[in-house]
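# A closer look at the structure
Chain residues, written in single-letter form:
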Amino acid sequence: MSRIITVGAAQMGAIQRADNRPAVVKRMVELMREAASHRCDLIVYPELTLTTFFPRWWMENQDDVDAFFEREMPSNETAPLFNEAAKLGIGFSFGYAELTPEGRHFNTALLVDKTGRQVGKYRKIHLPGHAEHEPWRAFQHLEKRYFEVGDRSWGVWNALGGNMGMMICNDRRWPESYRMMGLQSVEMILLGYNTPRHNPPAPDHDRLSEFHNQLVMQAGAYQNGTWVVGVAKCGVEEGCEMIGASSIVAPTGEIIGQALTQGDELIVARCDLDLTRSYKASIFNFEMHRQPEHYGRIVQQRGAVPPEGRSEG
Ligand code: CDV
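Residues numbered from 1 in each chain as written. Predicted model: local features only at pLDDT ≥ 70, side-chain atom pairs only at ≥ 80, totals over all residues. Heavy atoms only, no water.

Per an unreviewed UniProt entry, the recorded name for the protein is N-carbamoyl-D-amino-acid hydrolase, and the organism is Phreatobacter stygius.

See below:
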């Protein structure tokens, strides 16, 4: 048996502060048309696709912050994306900064099916960085200041012929993100990221940026028997270099497609959702082999010494 979803990972190159939303949406539509020409069922865009990665700046005026947020979806500016998708009959997922009618701020990802129905929404839970101005850094990472922690855990939606889930950027480094969806039989995880190569609190990690990116996505895919579609916003954005290496990872843990550039680039793969079955039914048959009742409570300080160090970003 096979259940094929043809997926396009739409890596996006740098988006500068001066690039307005219509210009970004135009780039997204171009990638969408290319995906449709490859008969993609689904196209996946990065985290915070519509603007530059604004948490790199300390902003005191809330109006300046809110200018990066979307109050409605679709809006006049994003409608061309939704219209084109409906015309082409393609599903899509992308990240954006969400400002709710109640005034709450989230780092959000949306899943829209081929009929244009908004089937799923996820709000980022693992917000990296810091909440106060830290001038010693080459650039800020103020996600903890500008966003609230997501309030609705990780959902899995039956859409596009399979069980689809979403996570956002830093979530991919945490096994819990994958496992929460693995426990809901996820078959494909859609994941956008903005990852600066330089990690100010731990510059010794910089040379390993791509390796760590691949390591976590490959492990998460394998350990949960799921496809992972990881999509970067990359290139040099406002002087900050961000990694690319957008990847489509099979439930085997293997990368079957990877971007080669640091710019707008579509990678396409025919993903058989039934490839998840042998992993979910054998080595990672959770029902049969997981032993949560034996994992025990976490006992603080069973003699272990906590690591020292300042906050990570
Ligand atoms: N946007 C992110 O969540 N970026 C983080 C960086 C700051 C470490 C990441 O995990 O890629």
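### What to know about the packing of helix 1 (residues 21–37) against helix 3 (residues 79–88)
At a minimum axis distance of 9 Å, the contact between helix 1 and helix 3 shows a crossing angle of 10 degrees. Compared by their axis directions, helix 1 and helix 3 come out roughly parallel. When helix 1 is examined against helix 3, the residues Val 25, Met 28, Val 29, Met 32, Arg 33 and Ala 36 are found in contact with a partner set consisting of Pro 80, Leu 81, Glu 84, Ala 85 and Leu 88. Residues belonging to the contact of helix 1 with helix 3 are distributed by class as follows: nine nonpolar, no polar and two charged. (Axes fitted to C-alpha atoms, helices over the stretch in contact; angles between N-to-C directions. Helix = DSSP H or I, 4+ residues; strand = E, 2+ residues; numbered from the N terminus. Parallel < 35°, antiparallel > 145°, perpendicular 65-115°, else oblique. Contact = heavy atoms within 4.5 Å. Nonpolar A, V, L, I, M, F, W, Y, C, P; charged D, E, K, R; others polar.)

### Details of the site of the ligand
Of all residues adjacent to the ligand, which total 13 residues, the nearest are Lys 124, Cys 169, Asn 170, Arg 173 and Thr 195. At 3.2 Å from a nitrogen atom of the ligand is found a side-chain nitrogen or oxygen belonging to Glu 143. Computed on the free molecule, the ligand has an accessible area of 320 Å², of which 94% lies beneath the protein chains in the complex. By residue class, the composition of the shell around the ligand is three nonpolar, five polar and five charged. (Near = heavy atom within 4 Å. Polar contact = N/O pair within 3.5 Å; in protein donor to acceptor, adjacent residues only side chain to side chain. Areas by Shrake-Rupley, 256 points an atom, 1.4 Å probe, with all protein chains shown as cover.)

### So, the side chain of Thr 276
Its location among the elements puts Thr 276 in helix 7 (residues 275–281). Within the local environment of Thr 276, its side chain forms a polar contact with the backbone oxygen of Leu 273, the two atoms lying 2.6 Å apart. Among all residues touching Thr 276, those that are not within four sequence positions of it are Glu 187, Gly 225, Thr 226, Trp 227 and Pro 251.

### Things to note about empty space enclosed by the protein
Inspection of every chain in the model, using the stated rule, returns two cavities of 30 Å³ or more. Roughly 70 Å³ of volume is contained in the largest cavity. Every element with two or more residues in the lining of the largest cavity is listed here: strand 3 (91–99), strand 4 (105–112), strand 7 (162–168) and strand 8 (188–194). Of the volumes computed, that of the second largest cavity is approximately 30 Å³. What lines the second largest cavity is simply Phe 53, Arg 56, Phe 139, Gln 140, His 141, Pro 196, Cys 240 and Met 242. Looking at the lining of the second largest cavity, its residues break down into five nonpolar, two polar and one charged. (1 Å grid on protein atoms, 1.4 Å probe; cavity = no way out; pocket = protein on both sides within 12 Å on 5 of 7 lines; lining within 4 Å. Points joined across faces, edges and corners; volume = space filled by probe spheres on them.)

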